[in-house]
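Descriptive analysis of the structure
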Amino acid sequence: MRGRFALLIALGLALSVPAVMSAQAVGDSDGKKVRKDIRHDRRELHGDRTDIRHDTRDIRQDRRDIRQDRRDVREDVKEGDLKDARQDRRDRRHDVRDAHADRRDLRQDRKDVHQDQEHQQQKKDSTR
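The structure reproduced in this document is the subject of the present report. (Residues numbered from 1 in each chain as written. Predicted model: local features only at pLDDT ≥ 70, side-chain atom pairs only at ≥ 80, totals over all residues. Heavy atoms only, no water.)

1. So, the overall build of the protein
On a plain count of helices and strands, the protein comes out with 2 helices and 0 strands. Taking as baseline every contact in the protein between residues at least 6 positions apart, the subset at least 24 positions apart corresponds to 76%. Accessible surface computed for the protein: about 10400 Å², of which carbon and sulfur atoms make up 51%. (Helix = DSSP H or I, 4+ residues; strand = E, 2+ residues; numbered from the N terminus. Contact = heavy atoms within 4.5 Å. Areas by Shrake-Rupley, 256 points an atom, 1.4 Å probe, with all protein chains shown as cover.)

Okay, here's the thing in structure tokens:
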């Protein structure tokens, strides 16, 4: 009787150990996947913050360009050089368009950062 009981226990352990080991392996891969997702989200967040910094710098530069173009137009008109004045007005128009595009990019990047932070917080909360 003891031999049969020991045999049944050994057989039960032999069958349950691989199932437990595979369950642990699945849990490990889920953990790795979560860590990988978090790392990916952090990279995206860092990239979005970098984009914000660059867009802000671009906006400032566009404002400087617009001011300089206004000065150039005034000087050209005073000197009677209407051809250069037209060219400077065209440049100013392009700079204004660039400034609008940069502000639009900045708004989108800020929205992306906000969404990435919310997504990262949700993942962090779900792993707890």
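2. Focus on the environment of Arg-89
Looking at the element boundaries, Arg-89 is found in helix α2 (residues 82-127). C-alpha of Arg-89 to C-alpha of Asp-72: the two residues are 17 residues apart in sequence and 8.8 Å apart in space. Not counting the four nearest positions on each side in its chain, Arg-89 is found in contact with Val-73 and Val-77.

3. Regarding the nonpolar core
By size, the foremost hydrophobic cluster in this structure holds 5 residues: Leu-45, Ile-52, Ile-59, Leu-106 and Val-113. For this core, the secondary structure elements donating two or more residues are α1 (2-79) and α2. In terms of residue count, α1 provides more of this core than any other element does, 3 residues in total. (Core = buried A, V, L, I, M, F, W, Y, C linked by side-chain atoms within 4.5 Å. Buried < 20%, exposed > 50% of the residue type's maximum accessible area, 1.4 Å probe, protein only.)

4. Brief notes about the side chain of Asp-102
Note that Asp-102 resides in helix α2. Of the buried charged residues, Asp-102 lacks a salt bridge, with Arg-104 as the closest side chain of opposite charge at 8.1 Å. Setting aside residues no more than four positions away along its own chain, Asp-102 makes contact with Asp-55, Asp-58, Ile-59 and Asp-62. (Lys, Arg positive; Asp, Glu negative; His and termini not counted. Salt bridge = Lys/Arg side-chain N within 4 Å of Asp/Glu carboxyl O.)

5. Here we look at a positive patch on the surface
A contiguous patch of positive charge on the surface is contributed by Arg-53, Arg-57, Arg-60, Arg-63, Arg-64, Arg-67, Arg-70, Arg-71, Arg-74, Lys-78 and Arg-92. A per-element tally of the positive patch places α1 first, with 10 residues. (Patch = residues over 30% accessible without salt bridge, like charges linked within 9 Å, V, L, I, M, F, W, Y side chains within 5 Å. Charge placed at Lys NZ, Arg CZ, Asp CG, Glu CD.)

6. Overview of the side chain of Asp-62
Assignment of secondary structure puts Asp-62 in helix α1. With no salt bridge to any partner, buried Asp-62 finds its closest opposite charge in Arg-103, at an N-O distance of 7.4 Å. In contact with Asp-62, not counting residues within four places along its chain, are Asp-95, Asp-98, Ala-99 and Asp-102.

7. A look at the environment of Arg-64
Residue placement: Arg-64 occurs in helix α1. Separated by 31 residues in sequence, Arg-64 and Asp-95 have C-alpha atoms that sit 9.4 Å apart.

8. A short note on the environment of Arg-57
Looking at where Arg-57 falls in the secondary structure, it is placed in helix α1. On a C-alpha basis, the gap between Arg-57 and Asp-102 in space is 9.4 Å, while along the polypeptide they are 45 residues apart.

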